[in-house]
Amino acid sequence: MQENDTIFKQLYEKCELATIIYNDHDHILDINPAALALFNIASVTKSTEQFISGLLNIPDDIVNRVKSGETITYSKKIVLDESDSHAFSQNITNPVLFVDISCIPFIQTGGQISAYYVQVTDHTARHLAQEELRKTHEQFILAIESSRIGIWEWDIQTGATIFNDRWAEIVGYTLEELTPTTIHTWEMLTHPDDLTVAQEAIQKHFSGKTDYYETVFRMKHKDGSIVHVHDRGKVTEWDANGNPIKMAGTHSDITYQKNLLYELKEKTEELEQFFHVTVEMLCIANTDGYFLRLNPAWEHVLGWSKDELLAKKFLDYVHPEDLESTYQAISQLAQQNTVINFVNRYQCRDGTYRWIEWRSAPVGNLIYGAAQDITDRKITETRLVRKKNILDAISYAATNLMSSLRDDTIENVLSKIGQAVEVSRSYIFTHSYGPDGASLIHYQYEWTDEGITTQKNNSALQNLDWRNQGYERWALALMNGETISGTVMDFPPEEQQLLVEQEIKSLAVVPIFSHDDFHGFIGFDDCVHDHEWSQVELETLEAAAGLLGASFGRKKADEEVEIRDNNLQTFFNTIDDFLFVLTPEGLIAQVNDTVIRRLKYTQEELIGQPILMVHPSSRHHDARHLIEEMLAGTCDFCPIPLITKDGMLIPVETRVVSGVWNGHPALFGVSKDISELTLSEEKFSKAFEASGSLMAISTVEGRYIDVNKTFLDTLGYTREETIGKLSSDLDIFVRSDERSNIWDEIREMGSIRNKHVMIKTKTNMLLTGILAADIIYIQETEALLTVVNDVTEIIRLSDALLQANKKLNLLSSVTRHDLLNQVQALFFVEEFLDKEMAQDSPARERLELLRKVVDTIHRQILFTKDYQDLGIAAPTWSHVESVIKKEKENKIFSNVLIEVSTGTLEIFTDPMFSKVCYNLLENALRHGGTVTKITISFTETEYGGCLVFEDDGCGVPAADKKKIFNRGFGKNTGLGLFLTAEILSITGMTIQETGEEGKGARFEISVPQNGYRMDS
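- Looking at an unreviewed UniProt entry, one finds the protein chain named histidine kinase and attributed to Methanospirillum purgamenti.
- Per UniProt, the protein chain carries the Catalytic activity (unreviewed entry) text "ATP + protein L-histidine = ADP + protein N-phospho-L-histidine."

**Structural notes on the packing of helix H31 (residues 913-927) against helix H32 (residues 976-985)**
Item 1. Remark: H31 packs on H32, axes separated minimally by 9 Å, with the N-to-C direction vectors making an angle of 145°. Seen along the crossing, H31 lies across H32 with a hand that is left-handed. The residues of H32 that touch H31, namely those facing Phe913, Lys915, Val916, Asn919, Leu920 and Asn923, are Gly976, Leu977, Leu979, Thr980, Ile983 and Leu984.
Item 2. Residues belonging to the contact of H31 with H32 are distributed by class as follows: 7 nonpolar, 4 polar and 1 charged.

**Focus: the nonpolar core**
Item 1. With 35 residues, the main nonpolar core has Ile907, Phe913, Leu947, Phe949, Phe1003 and Ile1005 as its most contacted residues.
Item 2. Examining the composition of this core, we find that 6 residues originate from one element, H31, more than from any other.
Item 3. Residues contacting Leu947, with those up to four places away along its chain left out, are Val880, Thr902, Leu905, Ile907, Phe913, Ile936, Ser937, Phe938, Phe1003, Glu1004 and Ile1005.
Item 4. Residues Phe39, Tyr74, Leu80 and Ile101 belong to the second largest nonpolar core, which totals 29 residues.

**Digging into the pairing of strand S27 (residues 664-673)**
Item 1. Here strand S21 (residues 578-582) runs beside S27; their pairing, made up of 5 bridges, is antiparallel. Pairing of Leu579 across the sheet is with Val670, part of S27.

**Points about the packing of aromatic side chains**
Item 1. Counting across every chain of the model gives 26 aromatic pairs.
Item 2. With 5.8 Å between their ring centres and 85° between their planes, Tyr427 and Phe429 make a pair best called edge-to-face.
Item 3. When its relative accessible area of 4% is taken as the criterion, Tyr427 is described as buried.
Item 4. On the numbers, 5.9 Å between centres and 25° between planes, the contact of Trp466 with Phe521 is stacked. Remark: Phe521 occurs in strand S20 (residues 517-526) and Trp466 occurs in the loop between strand S17 (439-448) and helix H16 (472-479); sequence separation between them is 55 residues. Each member of the pair, Trp466 as well as Phe521, carries the same accessibility label: buried.
Item 5. The positively charged end of Arg232 is found above the aromatic ring belonging to Tyr212, 3.7 Å away from the centroid.
Item 6. Directly above the ring of Trp355 sits Lys378, whose terminal nitrogen or CZ lies 4.5 Å from the centroid.

**Section: the sheet that holds strand S30 (residues 751-760)**
Item 1. Across the sheet, which stays open at both edges, the 5 strands sit in the order S29-S28-S32-S31-S30 with antiparallel pairing between neighbours. Only two strands of the sheet have a single neighbouring strand rather than two, namely strand S29 (704-707) and S30. Here the strands of the sheet are splayed against their neighbours by 30° on average, with no regard to which way each runs.
Item 2. Bridge analysis of strand S28 (residues 694-699) against S29 gives 3 bridges, and the strand direction is antiparallel. Counterpart to Ile697 in the pairing with S29 is Asp706.
Item 3. The strands that helix H27 (residues 738-749) touches are S28, S30, strand S31 (766-778) and strand S32 (781-790); relative to S30, the one it contacts most, it runs at about 180°.

**What about the sheet that holds strand S10 (residues 244-253)?**
Item 1. A sheet is described by the order of its strands in space; here 5 strands give the open sequence S7-S6-S10-S9-S8, paired in antiparallel fashion. At either margin of the open sheet sits one strand with a lone partner, and together these are strand S7 (161-163) and strand S8 (213-220). Averaged over neighbouring strand pairs, the angle between their axes works out to 25° when direction is ignored.
Item 2. By the bridge criterion, 8 bridges tie S8 to strand S9 (residues 226-238) in an arrangement that is antiparallel.

**Regarding the packing of helix H30 (residues 880-888) against H31**
Item 1. Their axes nearest at 10 Å, the elements H30 and H31 cross at an angle of 55°. In terms of orientation, H30 and H31 fall into the oblique class. The handedness of the crossing between H30 and H31 is right-handed. Contacts between H30 and H31 involve Val880, Val883, Ile884 and Glu887 from the first element and Phe913, Ser914, Cys917, Tyr918 and Leu921 from the second.
Item 2. Residue composition of the contact of H30 with H31, grouped by class: 7 nonpolar, 1 polar and 1 charged.

**Points about unusual backbone geometry**
Item 1. Residue Pro180 is bonded to the preceding Thr179 through a cis peptide linkage, with omega at 0°.
Item 2. Looking at where Pro180 falls in the secondary structure, it is placed in the loop between helix H7 (175-178) and helix H8 (183-189).
Item 3. Unusually for a residue other than glycine, Asp731 sits at a positive phi of about 55°.
Item 4. Tracing the sequence through the fold places Asp731 in the loop between helix H26 (727-730) and H27.
Item 5. Positive phi outside glycine occurs at Asn764, with the angle close to 65°.
Item 6. Counting through the fold element by element, Asn764 comes out in the loop between S30 and S31.

**Here we look at the pairing of S10**
Item 1. Sheet topology note: the strand S6 (residues 150-155)/S10 ladder contains 6 bridges and is antiparallel. Each residue of the ladder has a partner; that of Gly150, found in S10, is His251.
Item 2. Sheet analysis places S9 next to S10, joined by 9 bridges and oriented antiparallel. Across the sheet, Trp238 pairs through a bridge with Pro244, a residue of S10.
Item 3. From the end of S9 to the start of S10, which pair antiparallel, there are 5 residues, and Gly242 there has a positive phi angle of about 80°.

**A closer look at a nonpolar patch on the surface**
Item 1. Taken together, the side chains of Val734, Met758 and Leu766 present a nonpolar region at the surface, about 240 Å² in accessible area.
Item 2. You can see Met758 is positioned in strand S30.
Item 3. For Met758, a relative accessible area of 34% puts it in the partly exposed group.

**Some words on helix H18 (residues 535-548)**
Item 1. Taking 1.5 Å per residue as the helical rise, H18 with its 14 residues ought to reach 20 Å, and the 20 Å between its terminal C-alpha atoms agrees with that figure.
Item 2. Of all the residues in H18, the buried ones are Glu537, Leu538, Thr540, Leu541, Ala544, Ala545 and Gly546.

Parameters at a glance
Residues numbered from 1 in each chain as written. Predicted model: local features only at pLDDT ≥ 70, side-chain atom pairs only at ≥ 80, totals over all residues. Heavy atoms only, no water. UniProt positions renumbered as here; feature names shortened; annotations may be inferred. Axes fitted to C-alpha atoms, helices over the stretch in contact; angles between N-to-C directions. Helix = DSSP H or I, 4+ residues; strand = E, 2+ residues; numbered from the N terminus. Left-handed = near helix turned anticlockwise from the far one by under 90°. Contact = heavy atoms within 4.5 Å. Nonpolar A, V, L, I, M, F, W, Y, C, P; charged D, E, K, R; others polar. Core = buried A, V, L, I, M, F, W, Y, C linked by side-chain atoms within 4.5 Å. Buried < 20%, exposed > 50% of the residue type's maximum accessible area, 1.4 Å probe, protein only. Pairing = 2+ DSSP bridges. Phe/Tyr/Trp six-rings, centres within 6.5 Å; stacked < 30°, edge-to-face > 60°. Lys NZ or Arg CZ within 6 Å of the ring centre and 35° of its normal. Parallel < 35°, antiparallel > 145°, perpendicular 65-115°, else oblique. Patch = residues over 30% accessible without salt bridge, like charges linked within 9 Å, V, L, I, M, F, W, Y side chains within 5 Å. Areas by Shrake-Rupley, 256 points an atom, 1.4 Å probe, with all protein chains shown as cover. Salt bridge = Lys/Arg side-chain N within 4 Å of Asp/Glu carboxyl O. Expected span 1.5 Å × (residues − 1).

Rendered as structure tokens:
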């Protein structure tokens, strides 16, 4: 008995539970060290006994019940009063304790209760954690209610669901109207086209392919409208076989955002499309003289690239004679006055100038302008005036030459035509043959402008043997009915001397025929300018020569017309573009073979029909309006597509000019197929603007050419603040040398992927981004395309999640500690009973069962320590060979050969990868029988890599290959391989056993392609 008392005393002293023994008169008999430690008391004295009794203050009714033989347990809050500092061994760190008090009677053999002892279990840490969790839960509920998010819970096994009021409100119902709710409630309200997609997303989550379920779908509102919902959820409970049991998630009504995005996208696309397809030259400039943005029409008209036009002041392109008037127009705009119908000339890339008519309006220091190329109109106007003068001269010639061929009449005709053509001299050479048959020409008639030297007395021009004097080309050409025209300096050297002596800069000569006889030629000299002879002028001069040549000239003209028709028809039908000749009324007069072949009509089906026939009916109104403008001469471009006989649309760019066909006014249309160009530009433009990433195109120097809406919305700039500016101007990169580093890297590597950068918004808010960059070419000009994904919020959420996990780990650690205390007490009880119980007692069988149960509980609690760290730290690159070599140092592996051939292999995994290696090595020793060798190797596969752990033991039975990774399966804890699979799954790796029973176990770990690397 004395020995038992000693054992009991030792248990009492060493017990971690605070224990106080009272006698039947309610006086403290003893206090164990755990109790002194709990109440922060150094030693037992009379005063401390009274102090502890006062703290516990056990109610009388409980004391009476205990004295009657009951064991009573209740919870209590104890406040340690610091004013009683004499009772404490040191300063109180936690003045409030939350405890469970157990009052247990000590019943003697005769049934008397001589004493009772009180055990105090400290739950303060757990209580505080639970209180913190309660507050967090309340805050979470408030956040949910304020964010107007629908909450749902789903019992997957039964189909039952729980929805909050907001869930029902989103679809227009009250929760009572939908009750009782099941998963079918959601299915019935979800749009059938979206239901399958949502269910597939759920199944992917169930199968472990996604960490959470997330999708967007449409739901039918009670009023019949459609509601767009963002649904997100996660399985919250799994069964032992890995099947989902319960799932919870949220519904967010995103209908407003969806509609807003759709409307914004539609408007943006309309404006962007108009900006790019309009034939007008649209621009945004500033009063400093720089273009800020231009549409493609500028490149088409002037030939300069957009970058070239943006790089220089627009005044650099203005004709010197128009600079003063342009300055005046800018001054008016700077004073916020609108400028309309202003005309100046802009230089083209080829050195020529185009006439541009402006309509401009100022907004601050910005100028919004719409311009038209009116060069053709200007030229047409000039030509019309000149043509009218020439026609008047020809009319005069026709009238007078028909009645008289006197020298003065001819010279009057030369005077009229020379002045109309605006030349310095007009003349007629007559032709004859000499006695020796030589071809001779004679300078016979002349008119000269004021200040021009006459050549009538120039003997070198009389009886000129032109074939032998360097003018063989002329003789051959003119006698064959050809006109010679051009600048003298472009003529062959042998022809220039005689012409230069007459101070001629350019000339045109037209042959004169009478019937089949070559009578000579009429010539026109310009001694002041390098005259460019238009076809209208030459044709008019030929008409004059025709009048002089009488009937033969008319006949010759007919032949030339016929030749031209044939040449034109041949040329007409060899062009791949669509060619149309239209009457002034818009009827088709002629088409080329391309129209017949591509539009699949016959010639007979088209001729005489309205041009609207080859345009889609939905665009007839627009086409009719454009035709009216073309007929009025205010438009020469048509963007409307063509349509084939079988209804296929062909995007085209059509240019239209007026002219004469078969002697009648006509419109000539040339339609170029731009299908491939349109498709390419449209795809890029839509992808660029719709991207959720920050996208920008900049020049080599770093000036922004274009940015997308996400770029502007995220950084807070307007397009006007961005285009044409450097990133350094906007101070976007936190590091001033970031962009130069990007260029250096892209020059070396060709492109950039996954580069972390820090950028600033307009308000100096810092953002974290993942950058990708590539070199692109815009009309053969090098540019940089950058794409930045904003991951600021992701990083913030990741940090918040890590903090939450740390709190949960703390709670888990405290709870595990409490449970281990209880298990330790059970171990003491089991040990006590084992010593007290006779060896042949029938109760020993139950005691053995109790020991196994307590041992299992103990091991499973210890397993939670490993499992709680799973996924807490961010994955890192682990060097496989180094990890395994460290595990080999464990003494349990000293008698087995472990060979590693993975070399420099590193895999991207959870920091607990060392636990994976230990479990696989330890599993080989524990279950492999006589294992003498373990090899670890790695091979690359089509889908990634394969890390193999292989031993020469007994192997795994075929029936157990899949079960060994289930929780609880196995001879030991049944948790090692389960934990191994869980650790690997964090970074997308899987494990399977593929060995052959009797020949050893073989564990294959599948590593994703981006989950491993081999250092060179």
